[in-house]
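# Per-entry structural report
So the chains spell out like this:
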Amino acid sequence: MGEWANWSGKVDASPVDVVAALDEAHVVATVVEASARDVGVRCVGAAHSHAPLVPTDGLIVDMAALTGVYEVDRARGVARIAGGTRIADLGEPLRAKGVALFNQGDIDRQAIAGAVATGTHGTGPTLQNLSAGVRGLRLVVADGTVVECDADRNSELLAAARLSLGAFGVVTEVTLAVRDSYVLDETMWFEDLDEILDRVDELTNATRHFEFFWLPGKSQAVCKSLAETDGEPRYPLDDEGSRLAWSYDVLANDRPDKHTEMEYSLPEEAGPSCLRELRDLIARDFPDLAWPLEYRTLAADDVWFSSAYERATVTISVHQGVDQDDGPLFRACEEVFLAHGGRPHWGKEHHLTGAQLAEIHPRWDDWWNVRDQWDPEGRFLNDHLRRWRDG
Ligand SMILES: Cc1cc2nc3c(=O)[nH]c(=O)nc-3n(C[C@H](O)[C@H](O)[C@H](O)COP(=O)(O)OP(=O)(O)OC[C@H]3O[C@@H](n4cnc5c(N)ncnc54)[C@H](O)[C@@H]3O)c2cc1C
């Protein structure tokens, strides 16, 4: 194993150095140094991506020390946040200013710049992924200058780099959309999988967040809904039953068991048939799979590289233990996902080529053109990304 490894331990790297950035000036110096040494630069947030986005044989810049909420403008509905801030460290400082994130993923371990760089999302038919909430970025670009982009300044850079895959520069600040603080009430129940799939639109639209987890071999699935409420939050949290608490305490879960994951986004109408096909495939070819499938929804957005670009979406993810070879399972599931019009999650495993990605992402060329303007030498690319550009 190399000197650097991701959360699951399945992706590793042997960079010339891992630089723990101290502040923005240190990031600038590091990018200038990389240029002088002619090596690549890749950033790491919380290392929770399953895809080999971070590995480089150049410099890995660890952003863990650049944390904090710099400013909240409640009237405009935005917060300016240091790029390395973990989502877990946002809830309370934001609530102290009366605001909260619109949505979060299953866990809150990610750094905010890492989460938006891959289109991290939660569930909810009216809720978009975190990248869609990016209103501005401050980043150190390839020549070492600090650039700000928003709707008025360098707006094309913002359009592309909201979901950047770390390929535009080092993001030191993210300006993110926020809303007034809110309380969520969690309800969980078991239901027959076929019944869920028959009435999934009704279940999805009945509440702010709906999702279900289905364990292969079982006839039932665990459903979870979260509703916004005027109720008083109840602390300590009820970790055995249902939670009624500030949004960030209900949206975040523990996922301690190390695994790998593949997730595809599908047009919403394809969700139920895709899940049924996966169920048949797993029953036939992978009857011992002991990890659940997760089914969520996501509103359409206009983020160039989003898996929900211009379409209302269902996401389905498949997991495998780190001690097992996920290749046969993921490749077989991937065929089903692709047959249903799927787009892969950038932070999770997939096996698509650049040519396949270009076909399913309408803004593929635009994204690369803007990226190449800001980083003509490819300082912020690694082999994984370079292979896509080359087809
Ligand atoms: C247990 C678990 C649960 C998960 N749950 C969800 C979920 O519910 N929903 C979902 O959508 N995804 C989920 N994911 C995937 C995860 O949210 C994404 O992979 C996310 O990108 C990880 O964030 P990170 O901070 O660890 O980023 P990293 O994995 O460290 O980096 C991701 C990308 O961001 C870039 N990057 C990081 N920081 C910067 C920076 N400051 N400047 C420029 N580029 C940067 C990196 O170079 C890389 O390209 C989960 C992953 C795990 C392991």
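Up top is the structure.
Figured I'd write up the structure that's included with this text. Computed from a prediction, not measured in an experiment: that's the story for all the values here.

## Details of the overall build of the chain
Within the chain, the regular secondary structure consists of 12 helices and 20 strands. In terms of overall dimensions, the chain is globule-like: its C-alpha atoms have a radius of gyration of 20 Å, near the 21 Å expected for 391 residues. Principal axes of the C-alpha set define a box for the chain whose edges measure 60 × 50 × 35 Å. For the chain, the computed accessible surface area is about 16,100 Å², with 46% contributed by carbon and sulfur atoms.

## Some remarks on the pairing of strand β9 (residues 134–140)
Of all seven residues that make up β9, five are buried, and the element is covered over most of its length. Two strands pair when backbone bridges link them, and β9 and strand β11 (residues 170–177) are joined in this way by six bridges, in the antiparallel orientation. Within β11, the position partnered with Gly 136 by the bridge is Thr 175. With four bridges joining them, β9 and strand β10 (residues 146–149) adopt antiparallel strand pairing. Directly across from Val 140, in β10, lies its bridge partner Val 146. Between the end of β9 and the start of β10, which pair antiparallel, lie five residues, with Gly 144 showing a positive phi angle near 90°.

## Things to note about the pattern of salt bridges
What the rule picks out here adds up to 36 salt bridges. For Arg 138, the salt bridge identified is with Glu 148, shortest N-O distance 3.2 Å. Residue Arg 138 is found in strand β9, and its partner Glu 148 is found in strand β10; the two are separated by 10 residues along the sequence. When the shortest N-O distance is used, the salt bridge between Lys 224 and Glu 186 registers 3.8 Å. Of the two residues, Lys 224 sits in strand β15 (residues 220–229) while Glu 186 sits in strand β13 (residues 183–192), which places them 38 residues apart along the sequence. Taken individually, Lys 224 and Glu 186 each receive the classification buried, so the pair is uniform in this respect. Taken together, the shared-partner salt bridges in this structure form one network comprising Glu 24, Glu 71, Arg 80, Arg 138, Glu 148, Asp 150, Arg 153 and Glu 173.

## Section: the sheet that holds β10
Taken together, the five strands give an open sheet; going across it, the order is β6-β7-β11-β9-β10, and neighbouring strands pair in antiparallel fashion. Taken across any chain shown, the strands that pair with only one partner, and hence form the sheet edges, are β6 (69–73) and β10. The mean angle between the axes of side-by-side strands here comes to 10°, regardless of whether they run parallel or antiparallel. When β6 meets strand β7 (residues 78–82), the two strands line up antiparallel, connected through four bridges.

Cut-offs and rules
- Residues numbered from 1 in each chain as written.
- Predicted model: local features only at pLDDT ≥ 70, side-chain atom pairs only at ≥ 80, totals over all residues.
- Heavy atoms only, no water.
- Helix = DSSP H or I, 4+ residues; strand = E, 2+ residues; numbered from the N terminus.
- Rg over C-alpha atoms; globule rule 2.2 N^0.38 Å.
- Areas by Shrake-Rupley, 256 points an atom, 1.4 Å probe, with all protein chains shown as cover.
- Buried < 20%, exposed > 50% of the residue type's maximum accessible area, 1.4 Å probe, protein only.
- Pairing = 2+ DSSP bridges.
- Salt bridge = Lys/Arg side-chain N within 4 Å of Asp/Glu carboxyl O.
- Axes fitted to C-alpha atoms, helices over the stretch in contact; angles between N-to-C directions.

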